[in-house]
Amino acid sequence: MRTDFPVVDPESTVAAAASRFAETGCCSLPVVERGRFVGALDSLDVAARAASGDLDPARANVRMLMRRETASCAPETTLAEARQLMLRTRANTLFVTEPDARLVGIIDLVTLLAADEAASSAGPEPEWDKRVRGDAI
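Note that the coordinates shown come from a computational prediction; the quantities given were computed from them, not determined experimentally.

Draft legend 1. Highlighting the pairing of strand β1 (residues 28–33). In terms of burial, β1 is a largely internal element, six of the six residues being buried. A two-sided burial pattern is seen for β1, the buried positions comprising Ser 28, Pro 30 and Val 32 on one face and Leu 29, Val 31 and Glu 33 on the other. Bridge analysis of β1 against strand β2 (residues 36–42) gives six bridges, and the strand direction is antiparallel. For Pro 30, the partnering residue across the bridge sits in β2 and is Ala 40. The turn linking β1 back onto β2 is made up of two residues, and Arg 34 within it adopts a positive phi angle of 50°.

Draft legend 2. Quick peek at the pattern of salt bridges. Considering all chains together, one arrives at seven salt bridges under this definition. Salt-bridge contacts for Arg 63 lead to Glu 11; the nearest nitrogen and oxygen are separated by 2.8 Å. Of this pair, Arg 63 sits in helix α3 (residues 62–65) while Glu 11 is found in the segment before α1 (14–24), placing the two residues 52 residues apart along the sequence. Take Arg 63: its relative accessible area is 25%, and that puts it in the partly exposed class. For Glu 11, a relative accessible area of 45% gives the class partly exposed. Three or more residues joined by partner-sharing salt bridges are found here, namely Glu 11, Glu 33 and Arg 63.

So, how was this worked out
- Residues numbered from 1 in each chain as written.
- Predicted model: local features only at pLDDT ≥ 70, side-chain atom pairs only at ≥ 80, totals over all residues.
- Heavy atoms only, no water.
- Buried < 20%, exposed > 50% of the residue type's maximum accessible area, 1.4 Å probe, protein only.
- Helix = DSSP H or I, 4+ residues; strand = E, 2+ residues; numbered from the N terminus.
- Pairing = 2+ DSSP bridges.
- Salt bridge = Lys/Arg side-chain N within 4 Å of Asp/Glu carboxyl O.

Below you can see the structure in the form of structure tokens.
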């Protein structure tokens, strides 16, 4: 799980969000309002809308394009559960949130594959692999 990630405010312009995509190399930005996770903005959605010509990135805000329904889990979720959730929802990004909707981490496919690789080469499941956050059971 990554705990250092860029976020975007729902009132930011799509142009500002596009700059964040370019700066960070991220494909999906969590949208956070007053400290609470409220959705996600995907770079492909922004590109598709911009290419269609029906969006002015300098005037449109993130709230207009963000996805409110996203795949998320609790910090206590195991990596196996996270993997199953990503497969079931066909999500390439999983947002890790506390019960109060505070975003504490992000799991993407690359992170998940790296964790799987580390776990399989380490023999029995290490304690850090038992929970998304790294907490032992």
